[in-house]
Amino acid sequence: MRNSIGKLYRIANRKSRVIIGLMSGTSLDGLDIALCRVSGNGRETQVELLEFATFPYEPVFGRRVREVFARPDGELEKICLLHPWIAAEHAQMILQALQNWNVSPETVDLIASHGQTVYHAPRSFHDVPGYPDATLQLGDGDHLACATGIITISDFRQKHIAAGGEGAPLAPYGDYLLFSDPGMSRLLLNMGGISNFTFLPAGKGFDAVFSTDAGPGNTLMDAYVQKYFDIPYDADAGIAMQGQLHEELLQNLMSHPFFEWPFPKTTGPELFNLDYLAKAMNTTSGGDCIPHGDVMHTLAHFTVRAILRSLEECLSSDTPVRGYVSGGGASNPLVMALLKEALPTLEFTNTSTLGLNPDAKEAVLFALLANEMVSGEHHFQGKKGYPWVSMGKISFPD
């Protein structure tokens, strides 16, 4: 144990660290693995993306996780078994990635593992008296560390909740360290399963950062085509482009109190799922006869309308802002066209123009959280909902 602590101490005091960032999102499509060299900490942080790969999940992975995913009545035994099993699956993918890149595990200082979210329960959603905000990610850090031989930092979201946040979104911490600019306000919009964004006012400190979940990203569109077309997602919005907006359905989708809750707020597939869509369709005139293309087209509008509702909190007509998108929604031509139509003065590009592969962004941000956890010396002033604390639990391989 003392040898492991000594090794961690030496890692913390290096000028740079080689860190693997992992991200597995609610889409359950695969594991993002980012091999990063991170120098410094705090506002002096610099990151170089050395390698990146996404390892698609085999069907058995998605099937097993969906047995408990976003279900309030998930079976305890399955959850217990999945915790080490997911870690073992991820460890195999890490070792395979390192082999593909001709990188020895001994040269990697840390793994930063987000794990696999199976349930997210802020108080605003669960509404159970006497219970706090809560979230659960599976993929045990000890199993990852032992299987790879690499010190692992995991379970980041628990500290965020313990310090007064809701466990999400965590992106604003890395967004602030990497992308804040003294002369230009920036909007970092991530459209994964759930849409969230970080607004970085020009020249301001972390206490001026605004970040929140906005609503569904791809989760409803993906779930719909998986059920009715047996495909993982609507590539190039092919199905959605054939349909048209159903305004009454959109209004019913936007009627949930979530959109009136105070900021910052978080959500997930626990709320925005096919049951939610079915209820909205049941209250829509002729809802059981809406063509699939129209449903998908309307869901794309729903994603954008939810984002616009949240953006009203931080954008004004006289504020010059540049927008940067990431996540699967950035590759949806209908979603992007609707965004640009609604916000014609806000120039949208993806984060590659800032020097970071948009597909790797979320995994890189967890590498940054691990770097701050072991080496951060700078303390920034946060505000309610955005505690600046070191996040993650340490697992030694021996």
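In what follows, the structure referred to is the one given above.
Computed from a prediction, not measured in an experiment: that's the story for all the values here. (Residues numbered from 1 in each chain as written. Predicted model: local features only at pLDDT ≥ 70, side-chain atom pairs only at ≥ 80, totals over all residues. Heavy atoms only, no water.)

### Quick notes on the side chain of His90
Then, in step 1: The topology assignment puts His90 in helix H3 (residues 76-100).
Then, in step 2: Classification of His90 as buried rests on a relative accessible area of 2%.
Then, in step 3: Aside from chain neighbours lying at most four places away, what touches His90 is Ser24, Leu31, Tyr57, Phe61 and Leu144. (Helix = DSSP H or I, 4+ residues; strand = E, 2+ residues; numbered from the N terminus. Buried < 20%, exposed > 50% of the residue type's maximum accessible area, 1.4 Å probe, protein only. Contact = heavy atoms within 4.5 Å.)

### Observations regarding the pattern of salt bridges
Then, in step 1: All told, the structure shown has 9 salt bridges when counted by the stated rule.
Then, in step 2: Glu67 is the salt-bridge partner of Lys78, the closest N and O atoms lying 3.5 Å from each other. Of the two residues, Lys78 is situated in helix H3 and Glu67 in the loop between helix H2 (59-66) and H3; the sequence distance between them amounts to 11 residues.
Then, in step 3: The exposure class assigned to Lys78 is partly exposed, which follows from its relative accessible area of 27%.
Then, in step 4: Exposure remark for Glu67: the relative accessible area of 35% places this residue in the partly exposed category. (Salt bridge = Lys/Arg side-chain N within 4 Å of Asp/Glu carboxyl O.)

### Looking at empty space enclosed by the protein
Then, in step 1: Within this structure, the stated rule accounts for 1 cavity of 30 Å³ or more.
Then, in step 2: By volume, the largest cavity amounts to about 50 Å³.
Then, in step 3: Along its surface, the largest cavity is lined by His120, Pro122, Phe125, Trp261, Thr266, Thr267, Gly268, Glu270 and Leu271. (1 Å grid on protein atoms, 1.4 Å probe; cavity = no way out; pocket = protein on both sides within 12 Å on 5 of 7 lines; lining within 4 Å. Points joined across faces, edges and corners; volume = space filled by probe spheres on them.)

### Looking at the layout of surface pockets
Rolling a probe over the atoms, with the probe sized like a water molecule, indicates the empty space that remains.
Then, in step 1: In this structure, the second largest pocket spans a volume of roughly 590 Å³.
Then, in step 2: Contributing to the lining of the second largest pocket are 21 residues, with Arg66, Phe69, Ala223, Pro269 and Asn273 lying nearest its centre.
Then, in step 3: Elements supplying a minimum of two residues to the lining of the second largest pocket: helix H8 (219-228) and helix H10 (274-282).
Then, in step 4: Residues that form the lining of the second largest pocket fall into these classes: 9 nonpolar, 7 polar and 5 charged. (Nonpolar A, V, L, I, M, F, W, Y, C, P; charged D, E, K, R; others polar.)

### Thoughts on the packing of aromatic side chains
Then, in step 1: As enumerated under the stated definition, the model contains 19 aromatic pairs in all.
Then, in step 2: Taken together, Phe258, Phe259, Trp261, Phe272, Tyr276 and Phe302 form an aromatic cluster joined through their ring pairs.
Then, in step 3: The ring of Trp85 carries the charged tip of Arg64 above its face, separated from the ring centre by 4.7 Å.
Then, in step 4: Above the plane of the ring of Phe263 lies Lys265, whose end atom (NZ or CZ) is 4.7 Å from the centre. (Phe/Tyr/Trp six-rings, centres within 6.5 Å; stacked < 30°, edge-to-face > 60°. Lys NZ or Arg CZ within 6 Å of the ring centre and 35° of its normal.)

### Overview of the pairing of strand E8 (residues 194-200)
Then, in step 1: Where burial is concerned, most of E8 is hidden: 7 out of the 7 residues are buried.
Then, in step 2: Direction of pairing for strand E7 (residues 185-191) relative to E8: antiparallel, over a ladder of 6 bridges. Across the sheet, residue Leu188 finds its bridge partner in E8, namely Thr198.
Then, in step 3: In sequence, E7 turns back onto E8 through a hairpin of 2 residues.
Then, in step 4: Across 6 bridges, E8 lies against strand E9 (residues 210-216) in antiparallel orientation. Pairing of Ile194 across the sheet is with Pro216, part of E9. (Pairing = 2+ DSSP bridges.)

### Section: the nonpolar core
Then, in step 1: Among the nonpolar cores identified, the biggest contains 88 residues, and Phe156, Leu299, Phe302, Leu339 and Phe348 are the most heavily contacted of them.
Then, in step 2: If one sorts the elements of this core by residue count, helix H11 (residues 292-311) sits on top with 10 residues.
Then, in step 3: Those residues in contact with Leu299 that sit more than four places away from it in its chain are Leu220, Met221, Tyr224, Leu253 and Leu277.
Then, in step 4: Membership of the second largest hydrophobic core comes to 33 residues, among which are Val65, Phe69, Trp101 and Val108. (Core = buried A, V, L, I, M, F, W, Y, C linked by side-chain atoms within 4.5 Å.)

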